[in-house]
Amino acid sequence: MRPALDSWSLRDLPGAFLAQELRYVGAVDTNTSPRVRFAPSPTGYFHVGSARTALFNWLFARRNHGTFILRIEDTDEERGREEWVSGILSALAWLGLEYDEGPYRQSERSALHADALTRLWDGGYLYACGCNREEVLERTKGNQTPGYDGHCRELGLAREGRALRFRTPRDGITVVKDVVRGLVEFPHRAMEDFVVSKANGSPLFVLANVVDDIDMGITHVIRGEDLLPSTPKGILLWKALEGSAVELPVFAHLPMLVNEKRQKLSKRRDPVSLEYFSEQGYLPEAFCNYLSLLGWSHPSGKELMTMEEIIQSFSLEDINHSPAFFDVVKLTHMNGEHIRLLDADVFAARSSAWLDTAPVPWARDHFDMDTYRRIAHIVQERVATLAEIIPMVDFFFLESPIYDQAAIESLATNDTTRKIVTMALDIYSRCTWAPDALHEATAAMGNEIALKLSRAQAPVRVAVTGKRVGPPLFESMAILGRERVLARLHAFAALVARTTPE
RNA sequence: GGCCCCAUCGUCUAGUGGCCAAGGACACUACCCUCUCAAGGUAGAGACACGGGUUCGAAUCCCGUUGGGGCUGCCA
């Protein structure tokens, strides 16, 4: 299905290409150190598809001791917005994908693009076009091959004030050599004379993208598969600019990330920004780990990996062909695994830092780091996201717990509740204040009225934490302290009395 | 419509002609563990889209069909 890379280097490369390769013999560094770029356009918030592309570029650069370049493709001043640019920057920062060069702004490189345009014009590769979209559509309505009909191709129109089109060869094909797809052939007759610059003179994507790639010495173009159809256009431009014998970059078109309807993830249609994941308490390393598994897999099949492990085994050749659905459920599970991988003190530090800016129900100055440190390891082994910590520890930092109404009501109609609370008030005021002793005391209490521990602890749990589920009760009580526990039991008794229906 | 890409459990994938009565992970089910909830452990259910070839032998190679997707902008 996919020809080996070296099979085509011998077979279909022209002699000139081989000569080109020979020039680099001895020039060790330029030939062995790859240069890749992540080139987002600031036309929407940063979503997971962009993150995956950025990650794969970064992984490839790190694996091969190459250079990872960030280039903002902001040539469309109509759609670009400055806040989207900072969104890109902060997303990359959160992901931990630091770039070695950039951020370059394409809009600041217009002199370069203008120069390329002039060279192409002078070389006869371009022609001016005065048609507008409506006219073209009108003329080509019934055509077999869609797109521009070449109306102005031989008109010899003056360049000024007109859009410029590339004179696509009528015959022949352009072959895209792609590491993940193999050789992909595009017949020229199915390619239109595409526009390279607008009537106002500003360059379009294909042009600016290629000119900048050439200028920056990009060796590997790693991007989404949606860009595959525009690649032959880029190659045509590349050859027009650099000569047909030029050494093209290695292309790697990554399979699309799709939504539940198997459509390409879109900024408008699938509003899941990266910000959401950091706000929900996903760990960037877990996020990257999960993302790395979308279209790529470790040769051993290992899934839970550190960034270092991923870097060490990452390779473009191992990327698969099919689109992948971004599954938040699996991401969440993996996030939990990464949380559990953390050293206890690291978890305490990172999670408390996250809590610091998260929406929490307690007053900020009621948060107590010493208490948190004591409970953190218990929380660590049962949450999948940092956001799940909040309801699990809130009762430590609240004056009185947030009561689960359903729990209160069901306990209030239960006779044993009152008994247990009364007994608990008594026994907890006398017993040793330690998890084991509290465990025994509660079990003994249950024994007296023939209740299993699971039943006997329930009212106590609700009284102390406000909820039916939570961290281990006796450890929590030990940390909370005898006074506060007793106070909550009293308050709870009153609450139950008030709630009890006659 | 045209061009291009893709096709293994619900999902992400392993698989590059025999080691596959198809392996792993998430989700699901049952059980174990257990003070609740998780975590953890064990077991289970679950897929090669279809049809033709090639071959002693095909999930793997070829052709076709079907299905899905991408592109088709003076967006990127």
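Remember, predicted model here, so these are calculated numbers, not experimental data.

Asker: Can you help me understand the overall build of chain A in this one?
Answerer: Helix and strand counts for chain A come out as 22 helices and twelve strands. By the compact-globule yardstick of 23 Å for 502 residues, chain A is too spread out, its C-alpha radius of gyration being 32 Å. Out of the 502 residues in chain A, the part that is buried amounts to 48%. Carbon together with sulfur atoms contributes 52% to the accessible area of chain A, which is approximately 24,300 Å² in total.

Asker: Help me out: how do you make sense of the protein's contact with RNA strand B in this one?
Answerer: Lining the immediate environment of RNA strand B, one finds 61 residues, of which P146, K198, K264, R382 and G470 sit closest. Each atom of RNA strand B within 4 Å of the protein was classed as base or backbone; sugar and phosphate made up 72%. Within the contact set of RNA strand B, a sugar or linking oxygen lies 3.1 Å away from a side-chain nitrogen or oxygen of S41. Elements that contribute at least two residues to the surface near RNA strand B include exactly strand 5 (163-166), strand 7 (182-187), strand 12 (324-325), helix 13 (328-341), helix 20 (453-465) and helix 21 (473-480). Its residues placed into classes, the surface near RNA strand B shows 27 nonpolar, 14 polar and 20 charged.

Asker: Can you walk me through the environment of T53 in this structure?
Answerer: Turning to its location among the elements, T53 is positioned in helix 4 (residues 48-63). Taking the C-alpha atoms as reference points, T53 and K452, separated by 399 residues in sequence, lie 55 Å from one another. Among all residues touching T53, those that are not within four sequence positions of it are F38, I222, R223, G224 and L254.

Asker: Just checking my understanding: could you explain the packing of aromatic side chains for this structure?
Answerer: Applying the stated criterion across every chain yields a total of 20 aromatic pairs. Taking the centre distance of 6.2 Å and the plane angle of 20° together, the rings of W362 and F367 count as stacked. Within the aromatic cluster, the residues linked to one another by ring pairs are W94, Y276, F277, Y282, F287, Y290 and F326. A cation sits over an aromatic face here: R109 above Y104, 5.7 Å from the ring centre. Here the guanidinium or amino end of R165 rests over the ring plane of Y148, the centre of that ring lying 3.5 Å away.

Asker: Would you mind going over the environment of Q106 with me for this structure?
Answerer: Within the fold, Q106 resides in the loop between strand 3 (101-105) and helix 6 (110-122). Separated by 35 residues in sequence, Q106 and R71 place their C-alpha atoms 6.9 Å apart. For Q106, the contacting residues outside a window of four places in its chain are R71, I72, E73, D74, T75, H113, A208, N209 and D212. At 2.9 Å, the side chain of Q106 forms a polar contact with the side chain of D212.

Asker: What is the right way to look at the confidence of the model for chain A in this model?
Answerer: Detailed conclusions should not be drawn from predicted coordinates in areas where pLDDT is low. Averaged over every residue, the pLDDT of chain A is 90; residues scoring 70 or more account for 93%. A low-confidence stretch, residues 1-30 (pLDDT under 50), is modelled with 32 contacts involving residues beyond four sequence positions or located in other chains. Here the predicted complex scores 0.91 on pTM and 0.95 on ipTM.

Asker: Help me out: how do you make sense of the side chain of H338 in this one?
Answerer: Take H338: it is sitting in helix 13. If sequence neighbours within four positions are ignored, H338 has contacts with L283, E285, A286, N289, L304 and M305.

Asker: What am I meant to see in helix 11 (residues 284-292) here?
Answerer: Since the α-helix turns once every 3.6 residues, residues separated by three or four places project in the same direction. Within helix 11, nine of the nine residues are buried, which leaves it mostly tucked inside the rest of the structure. Taken as a whole, helix 11 has its buried residues at P284, E285, A286, F287, C288, N289, Y290, L291 and S292.

Asker: What exactly am I supposed to notice about the environment of R268 here?
Answerer: Relative to the helices and strands, R268 resides in the loop between strand 11 (257-258) and helix 10 (274-279). When the C-alpha atoms of R268 and G44 are compared, they prove to be 7.9 Å apart, with 224 residues separating the residues in sequence.

Asker: Help me understand the sheet that holds strand 8 (residues 195-197) in this model?
Answerer: Sheets are built from strands that pair by backbone hydrogen bonding, the pairs being arranged parallel or antiparallel. Pairing within the open sheet is antiparallel, and its three strands lie in the order 4-5-8. A single partner strand is all that each edge strand has here, and the edge strands are strand 4 (126-129) and strand 8. Looking at each pair of strands side by side, their axes are set apart by 45° on average, direction ignored. Sheet analysis places strand 4 next to strand 5, joined by four bridges and oriented antiparallel.

Asker: Is there a simple way to think about helix 18 (residues 415-428) in this case?
Answerer: Taking 1.5 Å per residue, 14 residues should reach 20 Å; helix 18 reaches 20 Å between its end C-alpha atoms and fits that length. Three or more residues of helix 18 are buried, namely T417, I420, V421, M423, A424, L425, I427 and Y428. Of the surrounding elements, those touching the buried residues of helix 18 are helix 17 (405-412), helix 19 (435-448), helix 20, helix 21 and helix 22 (482-499).

Asker: It is not clear to me how the packing of helix 18 against helix 19 should be interpreted in this structure. Could you clarify?
Answerer: The angle between the axes and the distance between the axes are what describe a pair of packed helices. In contact at an axis separation of 10 Å, helix 18 and helix 19 are set at 140° when each is read in the N-to-C sense. Between helix 18 and helix 19, the angle falls in the class oblique. Note that helix 18 runs across helix 19; the crossing there is right-handed. Of the residues in helix 19, those in contact with I420, M423, A424, I427 and Y428 of helix 18 are L438, A441, T442, M445 and E448. Its residues assigned to classes, the contact of helix 18 with helix 19 shows eight nonpolar, one polar and one charged.

Asker: Which parts of the structure should I look at to understand the packing of helix 6 against helix 8 (residues 205-215)?
Answerer: At their nearest, the axes of helix 6 and helix 8 sit 10 Å apart, and the two run at 105° to each other. The pairing of helix 6 with helix 8 is recorded here as roughly perpendicular in orientation. Contacts between helix 6 and helix 8 involve L112, H113, A116, L117 and L120 from the first element and L207, A208, V211, D212 and D215 from the second. Here the contact of helix 6 with helix 8 is built from residues that sort into seven nonpolar, one polar and two charged.

Here is what the cut-offs are and how they apply
- Residues numbered from 1 in each chain as written.
- Chains lettered and ligands numbered in written order.
- Predicted model: local features only at pLDDT ≥ 70, side-chain atom pairs only at ≥ 80, totals over all residues.
- Heavy atoms only, no water.
- Helix = DSSP H or I, 4+ residues; strand = E, 2+ residues; numbered from the N terminus.
- Rg over C-alpha atoms; globule rule 2.2 N^0.38 Å.
- Buried < 20%, exposed > 50% of the residue type's maximum accessible area, 1.4 Å probe, protein only.
- Areas by Shrake-Rupley, 256 points an atom, 1.4 Å probe, with all protein chains shown as cover.
- Near = heavy atom within 4 Å.
- Polar contact = N/O pair within 3.5 Å; in protein donor to acceptor, adjacent residues only side chain to side chain.
- Nonpolar A, V, L, I, M, F, W, Y, C, P; charged D, E, K, R; others polar.
- Contact = heavy atoms within 4.5 Å.
- Phe/Tyr/Trp six-rings, centres within 6.5 Å; stacked < 30°, edge-to-face > 60°.
- Lys NZ or Arg CZ within 6 Å of the ring centre and 35° of its normal.
- pLDDT = per-residue confidence, 0-100.
- Pairing = 2+ DSSP bridges.
- Axes fitted to C-alpha atoms, helices over the stretch in contact; angles between N-to-C directions.
- Expected span 1.5 Å × (residues − 1).
- Parallel < 35°, antiparallel > 145°, perpendicular 65-115°, else oblique.
- Left-handed = near helix turned anticlockwise from the far one by under 90°.

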